[in-house]
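This is what each chain is made of:
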Amino acid sequence: MKYECPCGYVYDPDLGDPDNDIRVGTEFDELPEDWVCPICGLGKEEFTEVDE
């Protein structure tokens, strides 16, 4: 499942977030609580599920 930030950034577990040491395959609910959008800095609670 992919999740989208209001700024348009989409977190995709198949890509992870290597710039922030989040490895490929990390599901959204497994992200650290303090992880934020790498584009705008909003927290996980602001993201919504994206229909694939």
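Here we summarise the structure given alongside this text.

Conventions and cut-offs
Residues numbered from 1 in each chain as written. Predicted model: local features only at pLDDT ≥ 70, side-chain atom pairs only at ≥ 80, totals over all residues. Heavy atoms only, no water. Salt bridge = Lys/Arg side-chain N within 4 Å of Asp/Glu carboxyl O. Helix = DSSP H or I, 4+ residues; strand = E, 2+ residues; numbered from the N terminus. Buried < 20%, exposed > 50% of the residue type's maximum accessible area, 1.4 Å probe, protein only. Core = buried A, V, L, I, M, F, W, Y, C linked by side-chain atoms within 4.5 Å. Contact = heavy atoms within 4.5 Å.

What follows concerns the pattern of salt bridges. Summed over the entire model, instances satisfying the criterion amount to 2 salt bridges. Notably, a salt bridge pairs aspartate 12 with lysine 2, separated by 3.7 Å at the nearest N-O pair. Remark: lysine 2 occurs in strand β1 (residues 2–4) and aspartate 12 occurs in the loop between β2 (10–11) and β3 (48–50); sequence separation between them is 10 residues. For glutamate 33, the salt bridge goes to lysine 44, with nearest N and O atoms at 3.8 Å. Residue glutamate 33 is found in the loop between β2 and β3, and its partner lysine 44 is found in the loop between β2 and β3; the two are separated by 11 residues along the sequence. The exposed category is assigned to glutamate 33, whose relative accessible area is 72%. You can call lysine 44 buried: its relative accessible area is 13%.

The next thing to look at is the nonpolar core. Counting residues in hydrophobic clusters, the biggest one holds 10 residues: Tyr3, Cys5, Tyr9, Tyr11, Ile22, Phe28, Leu31, Trp35, Cys37 and Phe47. Those residues in contact with tyrosine 3, other than ones at most four positions away along the chain, are Tyr9, Val10, Tyr11, Phe28, Phe47, Thr48, Glu49 and Val50.

Time to look at the environment of glycine 41. Locating glycine 41 in the fold gives a position in the loop between β2 and β3. Sequence separation between glycine 41 and aspartate 12 is 29 residues, and the spatial gap between their C-alpha atoms is 17 Å.

Our next topic: the environment of proline 13. By secondary structure assignment, the location of proline 13 is in the loop between β2 and β3. Each C-alpha atom, one on proline 13 and one on lysine 2, is 6.9 Å from the other, the two residues being 11 residues apart in sequence. When residues no more than four places from it in sequence are discounted, the contact partners of proline 13 are Met1, Val24, Gly25, Thr26 and Glu27.

So, to be careful, I would describe these as geometric facts and stop short of saying anything about function.
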